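Now for the letters of each chain:
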Amino acid sequence: MNCFDCQALDTATAAVAICRSCGAGLCDRHAHPHPQALHRAAGMGTATRRHAARRLLCETCAVAERSD
Ligand SMILES: [Zn+2]
Ligand SMILES: [Zn+2]
């Protein structure tokens with residue numbers, strides 16, 4: 001599989017990741033890692049786990065998540 005964003009630029013680059021949101025293949029230049037806090041049930045509420053997980057997004061989805 002090739003990077004979807006590179007394909008749009010008429011370049012073929014092997015994908016090393018997949019956007020978690022839209023499923024597009026991504027090369028290392030187009031993959032945007034985001035930390036993701038994980039929660040677990042604790043007593044009456046939830047607690048945030050000490051370590052954040054990783055989420056990889058494409059440029060489009062990363063921008064969309066930051067927009068209003
Ligand atoms: Zn790319
Ligand atoms: Zn995406």
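Residues numbered from 1 in each chain as written. Chains lettered and ligands numbered in written order. Predicted model: local features only at pLDDT ≥ 70, side-chain atom pairs only at ≥ 80, totals over all residues. Heavy atoms only, no water.

Student: How would you sum up unusual backbone geometry? Please name residues and give values.
Tutor: Glycine aside, a negative phi is what most residues show, and trans is what most peptide bonds show. The phi dihedral of Asp-10 falls on the positive side, at around 60°, and the residue is not glycine. Following the sequence through the fold, Asp-10 ends up in the loop between helix H1 (4-8) and strand S1 (17-18). (Helix = DSSP H or I, 4+ residues; strand = E, 2+ residues; numbered from the N terminus.)

Student: Could you give an account of the pairing of strand S5 (residues 45-48), with specific residues and numbers?
Tutor: Where strand S4 (residues 39-42) and S5 come together, 4 bridges link them in antiparallel fashion. Across the sheet, residue Ala-41 finds its bridge partner in S5, namely Thr-46. (Pairing = 2+ DSSP bridges.)

Student: Just give me the short version of the coordination of the zinc ion (ligand 2), but keep the residues and values in it.
Tutor: Only Cys-19 (SG), Cys-22 (SG), Cys-58 (SG) and Cys-61 (SG) from the protein coordinate the zinc ion (ligand 2), and they sit 2.3 Å from it. Around the zinc ion (ligand 2), the 4 donor atoms sit at angles spanning 103 to 116°, and that spread fits a shape best called tetrahedral. Sequence spacing of the donor residues for the zinc ion (ligand 2), all on one chain, is C-x2-C-x35-C-x2-C. Residue Cys-22 is located in the loop between S1 and strand S2 (25-26), and its partner Cys-61 is located in helix H2 (residues 59-66); the two are separated by 39 residues in the primary sequence. In this structure Cys-61 comes out as buried when scored by relative accessible area, which is 11%. (Donors = N, O, S within 2.8 Å, 3.2 Å for Na, K, Ca; no water. Tetrahedral: all angles 85-135°; square planar, octahedral: opposite > 155°, others 65-115°. Buried < 20%, exposed > 50% of the residue type's maximum accessible area, 1.4 Å probe, protein only.)

Student: Tell me what's going on with the coordination of the zinc ion (ligand 1), and back it up with residues and numbers.
Tutor: The protein atoms that coordinate the zinc ion (ligand 1) are Cys-3 (SG), Cys-6 (SG), Cys-27 (SG) and His-30 (ND1), at distances spanning 1.9 to 2.4 Å. Taken together, the 4 donor atoms coordinating the zinc ion (ligand 1) and their angles of 107 to 115° define a geometry best described as tetrahedral. As a motif over one chain, the donors of the zinc ion (ligand 1) read C-x2-C-x20-C-x2-H. Of this pair, Cys-6 sits in helix H1 while His-30 sits in the loop between S2 and strand S3 (32-36), and the two are 24 residues apart along the sequence.

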